[in-house]
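An overview of the molecular structure
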Amino acid sequence: MTATGRKAGQAGLRAIYSETPPSVNACKKPGEWQKLVIDFRAPRFDESGMKTADAKFVKVTLNGQVVQDNVEIAHGTNVSRNAKEHPTGPIYLQGDHGAVAFRNLKVTPLN
């Protein structure tokens, strides 16, 4: 548990493996559908392929509550931590701690 009383393993962090704890625990009870909205900016690269800006989770909202705000990460997360970064895709969804189901997935590129 962090100094603020937020647990590092609470949902909201899992979207940003081991970077920052969520600002609140916005989880519903197990078995209930959760609504997760992620505004993400991919890392930026110049014409030569050199990275000019880290990736950023601009805002992560879980069940209507902001749980992450302007969190930059200098690398991939979890399984892709040491993988080469790209300005687009792929997107990974992980659920390895019990039954997990996903529905109504939407990916909307932002300018």
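One can find the structure itself at the top, above this paragraph.
Description of the structure in this document.

**Observations regarding the packing of aromatic side chains**
Within this structure, the stated rule accounts for one aromatic pair. Taking the ring centre of Trp33 as reference, the NZ or CZ of Arg103 above it sits at 3.8 Å.

**Digging into unusual backbone geometry**
Its identity as a non-glycine residue notwithstanding, Asn70 has a phi of 55°, on the positive side. Position of Asn70 relative to the elements: it lies in strand β5 (residues 65-73). Here the phi dihedral of Asn104 falls at roughly 55°; this positive angle occurs in a residue that is not glycine. Tracing the backbone through its elements, the reader meets Asn104 in the segment after β5.

**Describing the sheet that holds strand β1 (residues 36-41)**
Strand order across the open sheet formed by three strands is β1-β4-β5, with antiparallel pairing between neighbours. Edge positions in the sheet fall to β1 and β5, since each has one partner strand and no second. Along the sheet, successive strands turn relative to each other by an average axial angle of 10°, direction set aside.

**A closer look at the pattern of salt bridges**
Close approach of charged atoms lets side chains of opposite charge pair. What the rule picks out here adds up to two salt bridges. As a salt-bridge pair, Asp54 and Lys51 come within 2.9 Å of each other at their nearest N and O atoms. Under the relative-accessibility criterion, Asp54 is labelled partly exposed at 24%. Using a relative accessible area of 32% as the deciding quantity, one classes Lys51 as partly exposed. Residue Glu85 pairs with Lys51 through a salt bridge whose shortest N-O separation is 2.7 Å. Pair noted here: Glu85 is in the segment after β5 and Lys51 is in strand β3 (residues 51-53), with a separation of 34 residues, a long-range link.

**Focus: the side chain of Thr61**
Looking at the element boundaries, Thr61 is found in strand β4 (residues 55-62). In this structure Thr61 touches Lys35, Leu36, Val37 and Val66, once residues within four positions along its chain are discounted.

Quick notes on the rules
Residues numbered from 1 in each chain as written. Predicted model: local features only at pLDDT ≥ 70, side-chain atom pairs only at ≥ 80, totals over all residues. Heavy atoms only, no water. Phe/Tyr/Trp six-rings, centres within 6.5 Å; stacked < 30°, edge-to-face > 60°. Lys NZ or Arg CZ within 6 Å of the ring centre and 35° of its normal. Helix = DSSP H or I, 4+ residues; strand = E, 2+ residues; numbered from the N terminus. Pairing = 2+ DSSP bridges. Axes fitted to C-alpha atoms, helices over the stretch in contact; angles between N-to-C directions. Salt bridge = Lys/Arg side-chain N within 4 Å of Asp/Glu carboxyl O. Buried < 20%, exposed > 50% of the residue type's maximum accessible area, 1.4 Å probe, protein only. Contact = heavy atoms within 4.5 Å.

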